[in-house]
Amino acid sequence: ETGVTQSPTHLIKTRGQQVTLRCSSQSGHNTVSWYQQALGQGPQFIFQYYREEENGRGNFPPRFSGLQFPNYSSELNVNALELDDSALYLCASSLANAGGGEQFFGPGTRLTVL
Amino acid sequence: GESVGLHLPTLSVQEGDNSIINCAYSNSASDYFIWYKQESGKGPQFIIDIRSNMDKRQGQRVTVLLNKTVKHLSLQIAATQPGDSAVYFCAENSGGSNYKLTFGKGTLLTVNP
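Parameters at a glance
Residues numbered from 1 in each chain as written. Chains lettered and ligands numbered in written order. Predicted model: local features only at pLDDT ≥ 70, side-chain atom pairs only at ≥ 80, totals over all residues. Heavy atoms only, no water. Helix = DSSP H or I, 4+ residues; strand = E, 2+ residues; numbered from the N terminus. Buried < 20%, exposed > 50% of the residue type's maximum accessible area, 1.4 Å probe, protein only. Areas by Shrake-Rupley, 256 points an atom, 1.4 Å probe, with all protein chains shown as cover. Lys, Arg positive; Asp, Glu negative; His and termini not counted. Charge placed at Lys NZ, Arg CZ, Asp CG, Glu CD. Contact = heavy atoms within 4.5 Å. Disulfide = S-S within 2.5 Å. Buried area = accessible area lost by both parts, 1.4 Å probe. Salt bridge = Lys/Arg side-chain N within 4 Å of Asp/Glu carboxyl O. Polar contact = N/O pair within 3.5 Å; in protein donor to acceptor, adjacent residues only side chain to side chain. Nonpolar A, V, L, I, M, F, W, Y, C, P; charged D, E, K, R; others polar. Phe/Tyr/Trp six-rings, centres within 6.5 Å; stacked < 30°, edge-to-face > 60°.

(A) Broad picture of the overall build of chain A. Tallying secondary structure elements over chain A gives zero helices and eleven strands in all. N-terminal to C-terminal, the α/β element order of chain A is β-β-β-β-β-β-β-β-β-β-β. Once the C-alpha set of chain A is aligned to its principal axes, its extents read approximately 40 × 25 × 25 Å. In chain A, buried positions account for 50% of the 114 residues. If you sum the accessible surface of chain A, you get close to 5400 Å²; carbon and sulfur atoms cover 47% of it. Taking the average place of the 7 positive charges on the side chains of chain A and the average place of its 9 negative ones, the gap between the two points comes to 8 Å.

(B) Inspection of the overall build of chain B at higher detail. Counting secondary structure elements, chain B contains zero helices and eleven strands. Its helices and strands taken in sequence order, chain B reads β-β-β-β-β-β-β-β-β-β-β from the N to the C terminus. A buried classification covers 43% of the 113 residues belonging to chain B. Taking the contacts inside chain B whose residues are at least 6 apart along the sequence as the reference set, 53% of them involve residues at least 24 apart. As displayed, chain B offers around 5400 Å² of accessible surface, 47% of which is attributable to carbon and sulfur atoms.

(C) Geometry of the state of the cysteines. As enumerated under the stated definition, the model contains two disulfides over all chains in all. Between the sulfur of C23 of chain A and that of C91 of chain A lies a disulfide, 1.7 Å long from S to S. Here the S-S torsion is close to -55°, and the disulfide linking C23 of chain A with C91 of chain A is therefore left-handed. Taken as a pair, C23 of chain A in strand β3 (residues 19-24) and C91 of chain A in strand β9 (residues 87-94) lie far apart in primary sequence, 68 residues in all. Across a sulfur-sulfur distance of 1.9 Å, C23 of chain B and C90 of chain B are joined as a disulfide pair.

(D) Quick look at the interface of chain B and chain A. Listed by partner, the interface residues are 20 residues for chain B and 26 residues for chain A. When the two sides are added together, the surface that chain B and chain A hide from each other amounts to roughly 1700 Å², 50% of it contributed by carbon and sulfur. Connecting chain B to chain A are zero salt bridges. Linking chain B with chain A are three residue pairs in polar contact (both at pLDDT 80 or more). Contributing elements (two or more residues each) for the side of chain B that touches chain A: β4 (32-38), β5 (45-51), β9 (86-93) and β10 (101-103) of chain B. Its residues placed into classes, the side of chain B that touches chain A shows nine nonpolar, seven polar and four charged.

(E) Spotlight on the packing of aromatic side chains. Residue and element names in this part refer to chain B. Applying the stated criterion to the full structure yields eleven aromatic pairs over all chains. Residues Y36 and F103 carry aromatic rings whose centres are separated by 5.6 Å and whose planes lie at 45° to one another, so their mutual orientation is tilted. On the criterion of sequence distance, the pair formed by Y36 in strand β4 and F103 in strand β10 is long-range, its members being 67 residues apart. Grouping residues by exposure puts Y36 and F103 together as buried.

Read these as spatial facts, not as claims about activity.
Here it is, written out as structure tokens:
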């Protein structure tokens, strides 16, 4: 069984640029959620994808967007980067309607915006 | 609004002691409450969850207690080991199965040998 993987591990961008982060879900999981974790804080929910459609969104502006592909992998896109976007971006996969609160997290992508 | 918070930001224990990490929540409508462990440089790792209609659940060396009257959640770790050193987050799951998780700020647990 393959766990959740994310790429790249680290990324440095400048303000105003655009970034794409990638996530491969755990084998058999059809739902992917993205979280932003600022230093010293708990993860904050960005959005969730199920059946290639957004299935719920947190309090993030439209410049945060995503995609889910037929193989359940996902991308997080952030446009017009701001300094405050510097954070660890976590992807979590789960099986819809499996019950319980368990989501399996990847190691994250550390984004630094200069 | 929804919020999940922790009473203690740091907890230091001796190896072999029992640890108790506490959490307060405010959303009575949450379906599940979950504890995650996050080691440095890694993503959160699921420890245990409890459904809102339960008040206690046990796992391997861990027990989660849910007190809905005072909206309080706790994680008990028995015979704490150095490998348990990490940041522990409580989270609540609202909106149905596998919907968004709302995390608290975390408690740093340090286990002294």
